[in-house]
Amino acid sequence: MKYFLKVEKMTVGYEGKPLIQDIDLTLRQGEILTLIGPNGAGKSTILKSLTRQLKMLCGTVYIGEESLKEMSGSRLSQTMAVVLTKGIRTELMTCEDVVATGRYPYTGRFGLLSTQDRKIVSETMELVNITAIRDQDFTRISDGQRQRVLLARALCQKPQVIVLDEPTSYLDIRYKLEFLSILQRMKRERNLTVIMSLHELELAERISDQILCVNGRYVDRYGSPDEIFQEGYIKQLFSIDTGYYDEENEDIELEKAQGTPRVFIIAGGGSGRGLFRHYQRQGIPFYTGIIAENDLDYPVAKALSAKAVCTQSFEPVSDEMVHLAKELIDSCEQVICCRKDFGTGESYNRKLWEYAGSVGKQRINEMDSKG
Amino acid sequence: MEQRRKRRYFAAFTVLITGVAVFMILNICIGTVRISITDFLAVLSDPTDKTGRIIRDIRMPRTIAAMVLGGALALAGYLLQTFFHNPIAGPFVLGISSGAKMVVALVMVFLMGHAVKVSSAAMIVAAFVGAMLSMGFVLLMSRRVSSMSMLVVSGVMIGYICSAVTELVVTFAEDADIVNLHNWSRGSFSGTTWDHVLVMSVVTLVTVCVIFFLSKPLEAYQLGESYAKNMGVNIKALRVAMVILSSILSACIVAFAGPISFVGIAVPHLAKGMLKSAKPILMIPACFFGGGVFCLFCDLLARTLFAPTELSISTVTAVFGAPVVLWVMIRRNKEKNAG
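Attention here is on the structure that accompanies the text. Predicted model only: the values in this text are computed from it and were never measured.

Within chain B one finds 14 helices and 0 strands. In chain B, the order of α-helices and β-strands from amino to carboxyl end is α-α-α-α-α-α-α-α-α-α-α-α-α-α. For 339 residues, the compact-globule estimate of 2.2 N^0.38 gives 20 Å, and chain B sits close to it at 20 Å. Each principal axis of the C-alpha atoms in chain B carries an extent, and together these give about 60 × 50 × 35 Å. The buried share of chain B, reckoned over its 339 residues, is 53%. A sequence separation of at least 24 residues applies to 77% of the contacts in chain B between residues at least 6 apart. Taken as a whole, chain B presents about 15200 Å² of accessible surface, with 69% of it coming from carbon and sulfur. The averaged location of the 15 negative side-chain charges in chain B is 15 Å from the averaged location of its 28 positive side-chain charges.

Each helix and strand counted, chain A has 14 helices and 17 strands in total. Relative to its length of 371 residues, chain A is extended, with a C-alpha radius of gyration of 27 Å against a globular reference of 21 Å. A principal-axis box enclosing the C-alpha atoms of chain A has dimensions of 90 × 45 × 35 Å. Out of the 371 residues in chain A, the part that is buried amounts to 52%.

With that out of the way, let us pick up the interface of chain B and chain A. When the parts come together, some accessible area is lost, and that loss is often what is quoted as the size of the interface. Counting residues at the interface gives 26 residues for chain B, matched by 34 residues for chain A. In total, chain B and chain A occlude about 2700 Å² of area from one another, counting both sides; carbon and sulfur atoms represent 54% of this. Three residues stand out in chain B for area buried against chain A, namely K216(B), Y227(B) and N230(B), and they jointly supply 29% of the buried area on that side. The interface formed by chain B and chain A contains 2 salt bridges. Between D97(A) and R5(B) there is a salt bridge; the shortest N-O distance is 2.6 Å. In this assembly, chain B and chain A are joined by 15 residue pairs in polar contact (both at pLDDT 80 or more). Of all the secondary structure elements, the ones that give two or more residues to the side of chain B that touches chain A are α1 (2–29), α8 (194–213), α9 (215–222) and α10 (225–230) of chain B.

Turning next to the sheet that holds strand β9 (residues 210–214) of chain A. Residue and element names in this part refer to chain A. Strand order in the open sheet formed by 6 strands is β6-β7-β8-β3-β9-β10, and the pairing between neighbours is mixed. Single-partner strands in this sheet number two, and they are β6 (80–84) and β10 (219–223). Strand-to-strand twist across the sheet, computed as the mean angle between neighbouring axes with direction ignored, equals 15°. Sheet topology note: the strand β3 (residues 32–36)/strand β8 (residues 193–197) ladder contains 4 bridges and is parallel. Bridging across to β8, L35 finds its partner in S197. The strands touched by helix α1 (residues 43–50) within the sheet are β3, β6, β7 (161–165), β8 and β9, with β8 carrying the most contacts at an inclination of about 145°.

All names here are of chain A. Spanning 12 residues, helix α12 (residues 319–330) covers 16 Å between terminal C-alpha atoms, matching the ideal 16 Å at 1.5 Å per step. If you check which residues of α12 are buried, you get V322, A325, L328 and I329. Buried residues of α12, seen end-on, are gathered within an arc of 120° and therefore sit on one face of the element. Those residues of α12 that are exposed and aimed more than 90 degrees away from the buried face are D319 and E320.

Glancing now at the pairing of β8(A). Residues and elements named next belong to chain A. Within β8, 5 of the 5 residues are buried, which leaves the element mostly enclosed by the surrounding structure. With burial as the criterion, each face of β8 is covered, one bearing T193, I195 and S197 and the other bearing V194 and M196. Sheet topology places β7 next to β8; 4 bridges connect them, and they run parallel. Counterpart to V161 in the pairing with β8 is T193.

Structurally, the α-helix is built with 3.6 residues per turn, so residues lying three or four positions apart point the same way. The first and last C-alpha atoms of helix α6 (residues 148–172) of chain B sit 37 Å apart over 25 residues, in line with the 36 Å expected at 1.5 Å per residue. Of the residues making up α6(B), those classed as buried are L151(B), V152(B), S154(B), G155(B), I158(B), G159(B), C162(B), T166(B), V169(B) and V170(B).

All names here are of chain A. Residue placement: L324 occurs in helix α12. On the accessibility criterion, L324 (31% relative accessible area) is partly exposed. As a C-alpha pair, L324 and Q184 span 140 residues in sequence and 49 Å in three-dimensional space. Every residue in contact with L324, bar those within four places of it in the chain, is listed here: K307 and V309.

A cluster of nonpolar side chains, contributed by M150(B), V153(B), M157(B) and Y160(B), occupies part of the molecular surface with about 420 Å² of accessible area. Accessibility expressed as a relative area gives 58% for Y160(B), which makes it exposed.

On to the sheet that holds strand β5 (residues 66–67) of chain A. Residues and elements named next belong to chain A. Taking strand neighbours across the sheet as the criterion, the 4 strands line up as β2-β1-β4-β5 in an open arrangement whose pairing is antiparallel. In this open sheet, the two edge strands, each paired with only one partner strand, are β2 (17–27) and β5. When strand β4 (residues 58–63) meets β5, the two strands line up antiparallel, connected through 2 bridges. The partner of I63 across the bridge, within β5, is E66. Strands β1 (5–14), β2 and β4 of the sheet are contacted by α1, whose axis makes an angle of about 120° with β1.

The next thing to look at is the side chain of D117(A). Along the chain, the position of D117(A) falls in helix α4 (residues 115–127). When sequence neighbours within four positions are dropped, the list of residues in contact with D117(A) reads R103(A), Y106(A), T107(A) and L112(A).

Definitions and cut-offs
- Every chain is numbered on its own, with residues counted from 1 as its sequence reads.
- Going through the entries in the order they are written, you letter the chains from A and number the ligands from 1.
- Per-residue local features of the predicted model are confined to residues with pLDDT of at least 70, and side-chain atom pairs are confined, for both listing and counting, to 80 or more; whole-chain, interface and lining totals are unaffected and use all residues.
- Only heavy atoms go into the side-chain values, all of them from the structure, while hydrogens and water stay out.
- Note on conventions: DSSP H or I runs of at least 4 residues are helices, E runs of at least 2 residues are strands, and numbering of each starts at the N terminus.
- We compute the radius of gyration from the C-alpha atoms alone; for a globule the expected value is 2.2 Å times N to the 0.38, where N is the number of residues.
- Between buried and exposed lies partly exposed: a residue is buried under 20% and exposed over 50% of the maximum accessible area for its type, with that area taken using a 1.4 Å probe on protein chains only.
- Any two residues whose heavy atoms approach within 4.5 Å are treated as being in contact.
- Working definition of accessibility: Shrake-Rupley area with a 1.4 Å probe, residue cover restricted to the visible protein chains.
- In this tally, Lys and Arg are treated as positive and Asp and Glu as negative; His is ignored, and so are the chain termini.
- Note on charges: their place is set at NZ of Lys, CZ of Arg, CG of Asp or CD of Glu.
- Throughout, buried area stands for the accessible area (probe radius 1.4 Å) lost by two parts on being put together, summed over both.
- Within this document, salt bridges are pairs made up of a side-chain nitrogen of Lys or Arg and a carboxyl oxygen of Asp or Glu, the two lying within 4 Å of each other.
- Polar contact is defined as a pair of N or O atoms within 3.5 Å, subject to the rule that within protein one atom must be able to donate a hydrogen and the other to accept it, and that residues adjacent in sequence are counted only when both atoms are side-chain atoms.
- Think of it this way: DSSP has to see at least two bridges between two strands before they count as a pair.
- Every axis corresponds to a line fitted to the C-alpha atoms, with the helix fit spanning only the stretch in contact, and the corresponding angles, defined between N-to-C directions, vary from 0 to 180 degrees.
- An expected span of 1.5 Å times one less than the residue number is assigned to each helix.
- To be clear, the arc concerns the directions from the helix axis to the C-beta atoms.
- Patches draw on residues past 30% relative accessible area with no salt bridge. Two like charges within 9 Å are joined, as are two nonpolar side chains (Val, Leu, Ile, Met, Phe, Trp, Tyr) within 5 Å.

Below you can see the structure in the form of structure tokens.
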């Protein structure tokens, strides 16, 4: 297999002090590598070393056949382009001027643009959809537009590799999606190799061919998104101790309410999530059940309830489970039902609802109260 | 857009070059002895004429000096502003002029004490040493303080220290030297000879050409270091070049005219405003010509306003330059609050 970008035993750090050691990675042309990890874990340090902004302390990087260390400045700038959110200064520059600076490695002694350069600039602006703002001052455009201008600038450099440091961090959801879509298109159409850091795990999972997890001392994991997003891993990587992150469903919840529950919630099919979160906000602990593991309510129930009675997917609910749920109901004062109608497959929930009535618990039908 | 810009650049340079020409003629013709333009041309051809001597030996060298040194000063300011990414940097506020002045004063007093005549080359070298000395201090400070205003404050402090030392030297110098030194240390174009003009022109023009050839990497540098690096610019080499070139220019000015305030800050901003662009390839010539016009204008006022008493050139440049600096700061503050 032919690799395009190969990093061997790279050690990065500041002022001779190693921060992250022995980084190995290989990328084929047209692949997207994403760096994830907590703040200050060294994602930017790795990116800076790869772009030669920072001297790497050890190891070698090959791009194609060439060693990164031995490339001349202008050769490097024709091979690799960067998009950094911070650190670009412009004065009296229109968006078009900023994009045009991408042609720098190709212009002559005085940096004057040729007709060919101008053509590339306007084509690239077309490509990332910023032609409309070409004459606007770069400092007066929105964050989303700014990132696209910087991307266009990088693309003008006609690089084979593009390195982006948290390109989506300041963007709203619409621009995040738009920005990453452009990257994906470039990867497909131009066989562009992309290396970037992202904070949005769900987006990283969607777009990346490979993911590198950095935790501040070493590369913790490196592989395909499927290999990375395994149960419990994100919680460990980010040292999450308050709150909850579910890799499988990408569900993120705040910390559950503490205390002894006085409420039992009958949920299922996604009908209970809203109420679970409402109770979490109020700081009220609760039990819930009976929920199958493939139910939409399941990840939220698992994250927020004091105890959730759960059953395996596609298996009948055992009497034992029903019994367990009844015990929980006994310890409560209130039972809330989120189900509008009990389906034929959830007779167990109907049983629980009826049981609550027979033992004299206060029954509240959530659907009724919603009117 | 492109057309409109080109027209603007063309207009700006037309104004600047015409300004240089007009003010050069005015500076030569206006003075205690008034000379009409027809006289001026007639007088030039007759070397024995008395007015001809005034023009040739006094006004012409002085006018050329004001033009060349003004240009050098504005360009030095522009380089320093680019270097520090600081809009109010300049050789005067950063204490570089004062440093140069101090070393020149020391050398002058020392050599005069030994009855040695100071050559222009020696003056430039001494000024360059002083400029680099102050620059070294400012660079050290810039590593420790990140804010723009703190950098300027430390520059001003260095300037005060150097000025104090200079004052001390001047106070204890031989009486005969004082007049000479005193005039010079306040900043003035008076007493420029053709020899001076030759040396300063060669030094300045060579330096300006070198800077002009750096306009491409300077453009990249303006975007910020990370971007410049990615664009293949050798940042270290460029920074060293900027320090040396701006020090040479500052040294040249101080050696021949003493410290002149505000031109270095005000002119680049005025030029930028005229061009509506910060591109080095335009700004470098614009600053040079703009600085020339500005200093010609100020020197004309300095000479004529209270004639026969001559004002120091800094008095005039401050009156016109300081408001520009205030305007720049207010505008930047506004932008910061808006953005």
